[in-house]
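Fold and contact review
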Amino acid sequence: MEKYVNQKTMLAVGLFDKDTKRQEIPTEQAFGIVNKCLMESVEGATCYIGNGIYKHIDQTTVCEPNIIILLYDVDKKTINNIINKLCKLLNQECIMQETSVCSLSFSNGQD
């Protein structure tokens, strides 16, 4: 199978409201909001439910449900538009973004 070199962008969208510090939008509803935003912006994406764990400055540990989004070869302007829109729709302060170069191929298991 053919291999491609791609830019991969991962977005981790937390589901705790930036003002109340708790989840205000149920996960499935948030998932629908994310999917709608993505379908208006890109040709395809992979999304799944995750769980973020982090510590505040005061050492309080937080476990926060999140939605992980994988995008391939999406330009920076489009990614920034997606982040901006999701921050507003889900009342987020920010969204974690990771960008890397990856090798991508499609296989039928016969190679």
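A short tour of the structure in this document, coming up. (Residues numbered from 1 in each chain as written. Predicted model: local features only at pLDDT ≥ 70, side-chain atom pairs only at ≥ 80, totals over all residues. Heavy atoms only, no water.)

A word on helix H1 (residues 27-41)
- The end-to-end C-alpha distance of H1, which contains 15 residues, comes to 21 Å, matching closely the 21 Å that a straight helix rising 1.5 Å per residue would cover.
- Along its buried surface, H1 packs onto strand E2 (46-55), strand E3 (61-72) and helix H2 (76-89). (Helix = DSSP H or I, 4+ residues; strand = E, 2+ residues; numbered from the N terminus. Expected span 1.5 Å × (residues − 1). Contact = heavy atoms within 4.5 Å.)

Some points on the layout of surface pockets
- The space that makes up the largest pocket amounts to roughly 530 Å³.
- Lining the largest pocket are 19 residues, and of these Gly 14, Tyr 54, Glu 64, Gln 92 and Cys 94 sit closest to its centre.
- Residue assignment for the lining of the largest pocket shows that the elements contributing at least two residues are strand E1 (3-14), E2 and E3.
- The residue makeup of the lining of the largest pocket, split by class, is nine nonpolar, five polar and five charged.
- Size it by volume and the second largest pocket reaches roughly 210 Å³.
- Around the second largest pocket, the lining residues are Asn 6, Val 42, Glu 43, Gly 44, Tyr 72, Asp 73, Val 74, Leu 104 and Phe 106.
- Residues belonging to the lining of the second largest pocket are distributed by class as follows: five nonpolar, two polar and two charged. (1 Å grid on protein atoms, 1.4 Å probe; cavity = no way out; pocket = protein on both sides within 12 Å on 5 of 7 lines; lining within 4 Å. Points joined across faces, edges and corners; volume = space filled by probe spheres on them. Nonpolar A, V, L, I, M, F, W, Y, C, P; charged D, E, K, R; others polar.)

Quick word on empty space enclosed by the protein
- Enumeration over the complete set of coordinates arrives at one cavity of 30 Å³ or more.
- Approximately 50 Å³ is the volume attributed to the largest cavity.
- Lining the largest cavity are Leu 15, Phe 16, Asp 17, Arg 22, Glu 24, Ile 25, Leu 90 and Gln 92.
- A breakdown of the residues in the lining of the largest cavity according to their chemical character gives four nonpolar, one polar and three charged.

Section: the nonpolar core
- Of all hydrophobic cores here, the largest spans 21 residues; its most connected members are Leu 11, Val 34, Leu 38, Ile 69, Leu 71, Ile 82 and Leu 86.
- For this core, the elements supplying multiple residues, two or more each, are E1, H1, E3 and H2.
- Leu 38 has contacts with Ala 45, Cys 47, Ile 69, Leu 71 and Ile 82, leaving out every residue within four places of it along the chain. (Core = buried A, V, L, I, M, F, W, Y, C linked by side-chain atoms within 4.5 Å. Buried < 20%, exposed > 50% of the residue type's maximum accessible area, 1.4 Å probe, protein only.)

Quick word on the pattern of salt bridges
- For the structure shown, the criterion picks out three salt bridges.
- The shortest N-O distance in the salt bridge between Lys 36 and Glu 40 comes to 3.0 Å. Taken together, the residues span about one helical turn, with Lys 36 and Glu 40 both in helix H1 at a distance of four residues.
- Lys 36 gets classed as exposed once you look at its relative accessible area, which sits at 55%.
- A salt bridge links Glu 40 to Lys 85, with the nearest nitrogen and oxygen atoms 3.3 Å apart. Pair noted here: Glu 40 is in helix H1 and Lys 85 is in helix H2, with a separation of 45 residues, a long-range link.
- Looking at Glu 40, the relative accessible area reads 48%, which means it is partly exposed.
- A relative accessible area of 33% places Lys 85 in the partly exposed class.
- One salt-bridge network, held together by shared partners, links Lys 36, Glu 40 and Lys 85. (Salt bridge = Lys/Arg side-chain N within 4 Å of Asp/Glu carboxyl O.)

From the geometry alone we can't say anything about function, so treat these as descriptive.
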